[in-house]
Amino acid sequence: IKVKDKAVVSTQSTGEENGGFLVPIVVCWTIGWIATYACLFKGPESTGKAAYFTATFPYVILLALFCRGVSLEGAWLGIKVFFTPDFTRLIDPNVWMDAAGQIFFSLSVGFGALVCFGSYNPVKNNCSRDAVIISLINCGTSVFAGIVVYSILGYRQIKTGIEVTKAEGGPGLAFVAYTTAVAEMPLPQLWSAAFFAMMVLLAINSEFGTVEACVTPLRDFRFTSGLRREVLCLLLCCLMYLVGLPMCCRNGLYVFNLWDNYSVTLPLLCVGFMECLGIVWCYGMERFCADVQYMTGGRPHWYWQICWKYVSPILIFVVLASSCIKKMITPETYSSFVGCVEHPISDTVPGTLNWSRNIPFPWWGQFIAAVMVITPVIFIPIFIFVNRSAPWKPIPYLPEMIDEGLVVEQVDWQEEFKNCIRRVKRKEGDKSTVVENPTINEYSGTNNAVTNV
């Protein structure tokens, strides 16, 4: 196990030991971001085509892993643990925070990706139906993937004696516990390749929304409006590539844990709480329901109105406040992979039965964690303070926004293009017929008039 851990994962026993870059990890990191840029630089057109594969093929792999996992000896042990609740954990604020973070992350709530991709939809789109369908598919996929993972962990318990309840969380579950179980299966290379191919596709698919949520609003700013989309997307991908390079060191797994624990969950809860207040209490529930009715043709059910106005803000605030209080009282630790008792990774840190040990973060780690939590949300009070003396004016309803040009309704661009060609030909005295499905190339020789229009 020590050989496998040093050769494949190559972790240090503590997060303070850097150990230098791992060249294979850096190469894979580079290839991953090149693939992400190749799928994004043309905008939603190229992203949509890539998503047909990256969003559907993981289900094929997951189904194959499911069929194999449930047929293994001891699979029922893991599935039983997966579906057996431990109600004593409900009093732990970290459990609620992790659950909220999981839902926020898996549904991309608070990241801006939903707003970004939703802006490409027509105004009169049944967003209520889409939201329900996506939520059900997301939760169903999570349960299905849980059965796959825990069935194989049950098999690991039979083969190695390590109980399912002792499985590591976070990246340790995928890169240590799961791989250890797969190594005991027949044809381990096949199932390992299938599992990690699925992980790579899911990671690239997640990056689509993250990068697009940055590119789309940046193009609306004056200082970046002159940049072509390809250049702006390249700059963002390079920036994110550099930010992630420290995770390619030998202690990169601990750097990843630091980012994963502090840069996402608490800031997302803050953003989600402010979104609930801004939409329902500032913009107004009545105005919001009228907009939904204008877009979908039906008014939201009273159940959703109660959830939006009371249930969601109260739950998010309680989880956020209790999590902050606990983090201030309890010292934060990270799970360090120390190896087994017989063969520890380091001579200074003894191994354990489940190969991991909780070690407190150093002072600089706690400082970086505080910066990660504060940075994403500090701009909200800054914006409120800067605009504290701005003149008050009523917010118009959605139809009024459309009339004022603040929101653009769906446009039949092909029809608009044909009308543009007709105007150009009429101006030049050309009586030829306009084709029904024109392309730019078919009219590229019209004295560049089409481009000018």
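Here the structure is a predicted model, which means the values were calculated and not measured. (Residues numbered from 1 in each chain as written. Predicted model: local features only at pLDDT ≥ 70, side-chain atom pairs only at ≥ 80, totals over all residues. Heavy atoms only, no water.)

Caption draft 1: Local environment of the overall build of the protein. For the protein, the count of helices and strands is 18 helices and two strands. Within the protein, the fraction of its 453 residues that count as buried is 35%. Put simply, 71% of the contacts in the protein that link residues at least 6 apart link residues at least 24 apart. Carbon and sulfur atoms make up 67% of the accessible area of the protein, which totals about 27100 Å². (Helix = DSSP H or I, 4+ residues; strand = E, 2+ residues; numbered from the N terminus. Buried < 20%, exposed > 50% of the residue type's maximum accessible area, 1.4 Å probe, protein only. Contact = heavy atoms within 4.5 Å. Areas by Shrake-Rupley, 256 points an atom, 1.4 Å probe, with all protein chains shown as cover.)

Caption draft 2: Structural context of the packing of aromatic side chains. What the rule picks out here adds up to eleven aromatic pairs. Ring centres 5.3 Å apart and planes at 80° place the aromatic pair F288 and W308 in the edge-to-face group. Of this pair, F288 sits in helix α13 (residues 265-296) while W308 sits in helix α14 (residues 302-329), and the two are 20 residues apart along the sequence. Residue class for F288 comes out partly exposed when judged on its relative accessible area of 24%. Ring centres of Y303 and W304 lie 5.1 Å apart, and the angle between their planes is 70°; on these two criteria the pair is classed as edge-to-face. A relative accessible area of 45% means that Y303 is categorised as partly exposed. Through successive ring pairs, a cluster of aromatic residues spans W29, W33 and Y241. (Phe/Tyr/Trp six-rings, centres within 6.5 Å; stacked < 30°, edge-to-face > 60°.)

Caption draft 3: How the structure looks around the pattern of salt bridges. Under the definition given, this model contains four salt bridges. With a shortest N-O distance of 3.4 Å, R129 and D130 are connected by a salt bridge. (Salt bridge = Lys/Arg side-chain N within 4 Å of Asp/Glu carboxyl O.)

Caption draft 4: Seen up close, the packing of helix α12 (residues 252-262) against helix α15 (residues 363-386). Orientation of α12 relative to α15, taken along the N-to-C sense of each, is 40°, at an axis distance of 9 Å. Relative to α15, α12 is oriented oblique. Read as a crossing pair, α12 and α15 show a hand that is right-handed. Of the residues in α15, those in contact with L258, W259 and Y262 of α12 are G365, I368, A369, M372 and V373. (Axes fitted to C-alpha atoms, helices over the stretch in contact; angles between N-to-C directions. Parallel < 35°, antiparallel > 145°, perpendicular 65-115°, else oblique. Left-handed = near helix turned anticlockwise from the far one by under 90°.)

Caption draft 5: Representation of the side chain of S151 within the structure. Along the chain, the position of S151 falls in helix α8 (residues 127-160). Within the structure, S151 has its side chain in polar contact with the backbone oxygen of V148 (distance 2.8 Å). When near neighbours in sequence (up to four residues on either side) are disregarded, S151 contacts G69, V70, G74, A75 and I79. (Polar contact = N/O pair within 3.5 Å; in protein donor to acceptor, adjacent residues only side chain to side chain.)

Caption draft 6: Spatial organisation of the state of the cysteines. According to the stated counting rule, one finds zero disulfides in the structure shown. No disulfide involves C28; its nearest neighbouring cysteine sulfur is the one of C248, lying 8.9 Å away. Classification of C28 by relative accessible area gives exposed; the value is 54%. (Disulfide = S-S within 2.5 Å.)

Caption draft 7: Geometry of the environment of Y178. Relative to the elements of secondary structure, Y178 occurs in helix α9 (residues 171-183). Note on Y178: relative accessible area 1%, which makes it buried. Along the primary structure Y178 and R156 are separated by 22 residues, whereas in three dimensions their C-alpha atoms are 8.4 Å apart.

Caption draft 8: Here's a closer look at the packing of helix α2 (residues 23-40) against helix α11 (residues 229-244). Running from N to C, α2 and α11 cross one another at 155°; their axes reach a closest spacing of 10 Å. Of the possible angle classes, the one that applies to α2 and α11 is roughly antiparallel. When the axes of α2 and α11 are compared, the crossing they make is right-handed. Side by side, α2 and α11 meet where V26, W29, T30, W33, Y37 and L40 of the first sit next to R229, E230, C233, L234, C237, M240, Y241 and G244 of the second. Partitioned by chemical class, the residues of the contact of α2 with α11 number ten nonpolar, two polar and two charged. (Nonpolar A, V, L, I, M, F, W, Y, C, P; charged D, E, K, R; others polar.)

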